[in-house]
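Each chain, letter by letter, is given below.
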Amino acid sequence: MENENFYIFFNKLSVSCFFISVFFVLFITVLCNEYMPISFFLCLKILGLSAFFLFIPDFFYLYFKQRKNSSRVISVEISTILLMALIFFIGLIKANPFLTYFLILIPFLAFLYSLLQWKFLEFIQVVAFVFLVSIILFSFFYGQGYHFPLFAKRVALGGANIDTMFHCAISNMFKTNLYPSTGLDGAPLLHYHFGSHALFAMISRVLGINSINFYNIAYPILFIPLFIKSFFIFLNRLSVYIFKQPINLLVASTFVLFLHIVYWILALGHLGHPFVSESNLISLLLFFLILSFLISLGKDYCELIVILFVFIGVFLISFTKISTGIVSICLFSFYILRVNNFSKKTFAIIFTLCSLEILLISVFIFPHSTSTTNGLSIFRFSNVLQATMIFGRPSENLSLINYFFVIYLSISVLLREIKYFGQKKVYWMFANKKYLHIEILIISTCCGTFFGFMTLLKTQNASDFFYFTYTSYFLSIAFFVVYLCNLINNCNSNNKIQIKIFIIFIILNMIFVFRIINIPFICRIINISRVYKEIINTNIAFQAISKDTNKNIFSQFLKDLNAIDKDYNKKNTCVFIPHTERWYYDSQKHHKYGSPFVTPAFSGIPLIDGVPEYAKRRNRYGYSQYSHKTRNITTTEAIHAAREEGYAEIIIFTHVKYELVQKRYQLNTKE
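Figured I'd write up the structure that's included with this text. These figures come from a predicted structure and were not determined experimentally.

Reading the values: the criteria
- Residues numbered from 1 in each chain as written.
- Predicted model: local features only at pLDDT ≥ 70, side-chain atom pairs only at ≥ 80, totals over all residues.
- Heavy atoms only, no water.
- Helix = DSSP H or I, 4+ residues; strand = E, 2+ residues; numbered from the N terminus.
- Buried < 20%, exposed > 50% of the residue type's maximum accessible area, 1.4 Å probe, protein only.
- Contact = heavy atoms within 4.5 Å.
- Axes fitted to C-alpha atoms, helices over the stretch in contact; angles between N-to-C directions.
- Parallel < 35°, antiparallel > 145°, perpendicular 65-115°, else oblique.
- Left-handed = near helix turned anticlockwise from the far one by under 90°.
- Pairing = 2+ DSSP bridges.
- Core = buried A, V, L, I, M, F, W, Y, C linked by side-chain atoms within 4.5 Å.
- Expected span 1.5 Å × (residues − 1).
- Bend = angle between axes of the 7 residues up to and from the residue.
- Polar contact = N/O pair within 3.5 Å; in protein donor to acceptor, adjacent residues only side chain to side chain.
- Phe/Tyr/Trp six-rings, centres within 6.5 Å; stacked < 30°, edge-to-face > 60°.

### A short note on the overall build of the protein chain
- When you go through the protein chain residue by residue, the secondary structure sums to 26 helices and three strands.
- Out of the 671 residues belonging to the protein chain, those deemed buried represent 56%.
- Of all intrachain contacts in the protein chain linking residues separated by at least 6 positions in sequence, the fraction that spans at least 24 positions is 77%.

Structure follows, in structure tokens:
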């Protein structure tokens with residue numbers, strides 16, 4: 001019976017999340033209209049894959065949990081991770097396209113089957129709610145300037161965001177070479193958390209979509225709903241763990257969205273929404289799936305198979321985002337040691353696995369490039385003072401107050417318990433793990449703060465600190481929501497108060513979405529009409545680029561790169577563009593450092609000598625790994641360099657009399 005109740009919850013959650021995917025596709029299709037960069041059939045494939053991630057784990061859970069003696073490892077959380085790994089493997093082996101159609105058709109049937117179990121009024125209520133949520137999420141995602149439905153046209157106009165170009169380049173290079181590289185001068189291994197880039201590369205290969213369109217269209221359709229599902233699974237597990245009762249999905253959704261909007265806009269809005277960071281979102285998705293799985297096991301002893309599964313998950317998280325991985329290692333290690341009563345055997349296993357994790361992170365992920373900052377500079381007083389003054393601005397002060405408020409809340413709960421039960425009774429409760437959820441929260445907050453501040457001392461970059469605090473930020477929202485839902489359930493057993501809260505939330509969102517009140521920042525971020533205006537303006541500007549000779553050359557260049565990207569025999573091909581070709585190296589006026597990434601991002605093949613002079617001393621975006629190369633070579637030298645690096649073909653792009661010239665040289669013959 002318990003398994004059926006959980007399945008009903010998962011079913012409602014999956015259907016709600018899938019409608020977010022549907023509305024994202026609908027919004028993009030309507031706003032782009034005839035300028036839609038991908039076909040309708042490709043949209044169906046993306047939706048099918050979204051349904052695959054959302055519904056198939058639920059059916060696995062129901063099937064295996066009904067069998068006797070089923071393993072504790074079998075869960076929706078682990079099934080979701082395994083299915084993501086399955087799609088990655090299918091992309092890796094370049095499976096037959098027929099298998100892709102089969103994988104997409106079955107989830108649609110699962111969605112229809114799940115939908116038949118809903119009541120009509122319940123269905124209408126959920127669709128209306130999800131529609132408003134989708135407007136907010138869509139506006140948040142595309143309103144930050146990182147992603148754009150017509151991103152390729154934005155690149156042609158020179159207004160692309162460098163972060164998105166950088167990540168597209170790594171992903172497309174991984175699709176070609178099966179290892180991460182920026183491809184700016186050959187394809188050297190990039191020491192970076194490349195988990196999301198590798199996953200996206202293989203999924204884009206399965207879907208038959210280029211990296212540019214995947215990051216800007218397919219990624220939000222697939223993974224924002226999946227992250228929301230993982231977060232709400234954790235909410236439900238946490239509520240059952242603490243209060244022995246599931247959450248009300250509608251009320252919890254109301255609180256989550258409202259807290260998230262207020263919290264984010266007031267505290268962290270200046271740094272960009274977490275959803276725009278692909279690696280951050282995927283790492284948090286995995287984090288909540290694994291933590292939810294652990295909580296579902298209760299306070300029972302963790303067997304070796306569970307510990308291995310958890311640390312494989314931590315390994316994946318670390319490869320996706322270093323900051324989330326470090327917090328996860330500390331938190332999950334503490335949790336396993338705590339439920340196993342700090343046994344020596346468990347400690348030895350945890351110590352061995354943690355050492356292996358740290359070794360792999362330091363060798364394959366942690367940056368090895370040169371830096372202008374001395375390693376011991378974190379202990380300098382000037383650096384400590386400068387890092388501390390970052391918190392002098394109002395936004396950082398407010399975010400820290402919100403961030404640490406959860407610790408104040410935890411301490412107040414403990415003091416209240418001591419007052420009512422006495423110190424000995426509370427100590428006994430601690431020994432019996434009654435407050436294990438509070439311990440989890442405190443450990444994650446302290447780890448995030450410590451490692452975040454140490455990184456801040458090194459880099460003097462506020463965003464590096466907040467990357468470490470994102471985990472506890474979402475955890476704090478989860479705890480707030482669970483306690484608020486429990487408070488409502490205790491206040492009133494019927495649904496009147498829940499309906500009132502839902503109506504209030506609808507009114508608040510009507511205010512936010514339709515701009516009944518004039519709050520400039522909110523109106524700028526949560527405003528779907530702004531995205532539509534940008535799409536119209538981009539199309540108008542793109543049609544006018546024929547008047548600009550340099551832009552016209554660059555637009556033709558992008559078409560040639562798209563043709564190269566579809567070539568399956570491009571692995572041994574490289575591109576050379578002389579530094580005198582300013583139409584390329586100065587193409588991105590918005591972020592000029594993003595110009596060299598255009599070739600690997602669009603074609604998946606590397607440049608030869610593609611780092612311009614102005615980027616030689618740049619440390620970010622992987623430029624520092626090319627700092628030892630100071631060459632500015634000629635065409636003949638480029639051909640020689642390409643042959644030495646083992647390439648079979650080099651494509652040279654130049655312009656002559658306002659026309660783009662493309663020349664191909666086969667390097668296995670002497671020329």
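Let's pick the thread back up.
### Side note on the packing of helix 5 (residues 120-142) against helix 9 (residues 211-243)
- Direction vectors running N to C along helix 5 and helix 9 enclose 130°, while the axes themselves pass 12 Å from each other. Between helix 5 and helix 9, the angle is such that the two are oblique. For the pair helix 5 and helix 9, the sense of crossing is right-handed. Across the interface between the two elements, Leu137, Phe141 and Tyr142 from helix 5 touch Tyr215, Asn216, Ile217, Tyr219, Pro220, Ile224 and Ile228 from helix 9.

### Digging into the sheet that holds strand 1 (residues 573-576)
- The strand order across the open sheet formed by three strands is 1-2-3, and the pairing between neighbours is mixed. Only two strands of the sheet have a single neighbouring strand rather than two, namely strand 1 and strand 3 (659-666). Neighbour-to-neighbour, the strand axes of this sheet turn through a mean angle of 25°, independent of strand direction.
- As judged from the eight bridges shared by strand 2 (residues 649-656) and strand 3, these two strands associate in the antiparallel manner. In the sheet register, Ile652 faces strand 3, and the bridge partner there is Lys663.
- Across the sheet, helix 26 (residues 635-644) lies against strand 1, strand 2 and strand 3, angled at about 160° from strand 2, the strand it touches most.

### A closer look at the nonpolar core
- With 172 residues, the main nonpolar core has Phe214, Phe223 and Phe557 as its most contacted residues.
- Ranked by residues supplied to this core, first place goes to helix 9 with 21 residues.
- Those residues in contact with Phe223, other than ones at most four positions away along the chain, are Phe53, Met84, Leu199, Phe200, Ile203, Phe214, Leu281, Ile282 and Leu285.

### What to know about helix 13 (residues 322-339)
- A rise of 1.5 Å per residue sets the reference length of helix 13, with its 18 residues, at 26 Å; its end C-alpha atoms lie 26 Å apart and thus fit the reference within 8%.
- For helix 13, a buried count of 16 out of 18 residues is recorded, marking the element as mostly surrounded by other parts of the structure.
- Of the residues flanking the end of helix 13, it is Asn341, one or two places downstream, whose phi is positive at about 60°.

### A word on unusual backbone geometry
- Here Leu178, not a glycine, exhibits a phi torsion of approximately 65°, which is positive.
- The residue Leu178 is located in the loop between helix 7 (162-177) and helix 8 (195-207) in this model.
- In the Ramachandran plot, Lys244 falls in the positive-phi region, its phi being about 60° despite a non-glycine side chain.
- Mapped onto the secondary structure, Lys244 falls in the loop between helix 9 and helix 10 (249-268).

### Description of the environment of Ser362
- In this fold, Ser362 is placed in helix 14 (residues 344-365).
- Between the alpha carbons of Ser362 and His191 there is a distance of 9.0 Å; along the sequence they are 171 residues apart.

### Comments concerning helix 9
- With 33 residues, helix 9 should cover 48 Å at 1.5 Å per step; its first-to-last C-alpha distance of 44 Å lies within 8% of that length.
- Of all the bends found along helix 9, the most pronounced is centred on Tyr219 and spans about 50°, while Pro220, a proline, follows it within four residues.
- In terms of burial, helix 9 is largely enclosed, as 31 of its 33 residues are buried.
- Measuring from the side-chain oxygen of the N-cap residue of helix 9 to the backbone nitrogen of Ile212 gives 3.2 Å; that N-cap residue is Asn210.
- Downstream of helix 9 by one or two residues, Lys244 has phi in the positive range, about 60°.

### Considerations on the environment of Val306
- Residue position: Val306 is located in helix 12 (residues 304-320).
- In the structure, Val306 is positioned 30 residues away from Ile336 in sequence and 9.5 Å away in space, judged by C-alpha atoms.

### Concerning the packing of aromatic side chains
- Counted according to the given criterion, the structure contains 44 aromatic pairs.
- Arranged with centres 5.7 Å apart and planes meeting at 50°, the rings of Phe141 and Tyr219 form a pair that is tilted. Highlighted residues: Phe141 in helix 5 and Tyr219 in helix 9, separated in sequence by 78 residues. Across this residue pair, the class does not change: Phe141 and Tyr219 are buried.

### Some words on the side chain of Ser333
- Structurally, Ser333 is set in helix 13.
- Those residues in contact with Ser333 that lie beyond four places of it in its chain are Phe311, Ser328, Ile350 and Cys354.

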